[in-house]
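Fold and contact review
Each chain, written out:
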Amino acid sequence: MNTLTRVINRLRRPLRIRLVGPSHQTAAALHGLAHMVHRRHDMNGRRIRIDLTIREKPLEEWR
């Protein structure tokens, strides 16, 4: 990856991800996300914001 690509990635908005659910599902989703980011070269140097909410008992609207 060249220097210009790194600068552009730093200036881009952070990738926003929101994970809500039981702890085992949220952990599995975060693990899968880490594998996806690791495989993609265009994600190198990219800022990622992850909001985690652990709820063992989901709200009715999420069912």
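The structure displayed is predicted, hence computed values, not measured ones. (Residues numbered from 1 in each chain as written. Predicted model: local features only at pLDDT ≥ 70, side-chain atom pairs only at ≥ 80, totals over all residues. Heavy atoms only, no water.)

All right, on to the overall build of the protein chain then. Of regular secondary structure, the protein chain possesses 2 helices and 2 strands. Along the chain direction, N to C, the helices and strands of the protein chain fall in the order α-β-α-β. Of all intrachain contacts in the protein chain linking residues separated by at least 6 positions in sequence, the fraction that spans at least 24 positions is 79%. For the protein chain, the exposed area adds up to about 5,300 Å²; of that, 54% sits on carbon and sulfur atoms. (Helix = DSSP H or I, 4+ residues; strand = E, 2+ residues; numbered from the N terminus. Contact = heavy atoms within 4.5 Å. Areas by Shrake-Rupley, 256 points an atom, 1.4 Å probe, with all protein chains shown as cover.)

Okay, the pattern of salt bridges next. Summed over all chains, the structure comprises 1 salt bridge. A salt bridge links Asp51 to Arg49; its shortest N-O distance comes to 3.5 Å. (Salt bridge = Lys/Arg side-chain N within 4 Å of Asp/Glu carboxyl O.)

Here we come to a nonpolar patch on the surface. Together, Leu30, Ile48, Ile50 and Leu52 make up a nonpolar patch on the protein surface, roughly 280 Å² of accessible area in all. A per-element tally of the nonpolar patch places strand 2 (residues 48-54) first, with 3 residues. Here Leu52 shows up in strand 2. Using a relative accessible area of 45% as the deciding quantity, one classes Leu52 as partly exposed. (Patch = residues over 30% accessible without salt bridge, like charges linked within 9 Å, V, L, I, M, F, W, Y side chains within 5 Å. Buried < 20%, exposed > 50% of the residue type's maximum accessible area, 1.4 Å probe, protein only.)

Bringing the pairing of strand 1 (residues 15-21) into the picture now. One ladder, built from 7 bridges, connects strand 1 with strand 2; its direction is parallel. Each bridged residue has a counterpart across the sheet, and for Ile17 the counterpart in strand 2 is Ile50. Assessed by its sense of winding, the connection that carries the chain from strand 1 through helix 2 (residues 23-39) to strand 2 is right-handed. (Pairing = 2+ DSSP bridges. Right-handed = clockwise from strand over helix to strand, strands pointing away.)

Let's shift gears to the confidence of the model for the protein chain. Taken residue by residue, the protein chain gives an average pLDDT of 82. The fraction at 70 or more is 89%. Of all secondary-structure elements in the protein chain, the lowest mean pLDDT belongs to helix 1 (residues 3-11), at 78, while helix 2 reaches the highest, 90. (pLDDT = per-residue confidence, 0-100.)

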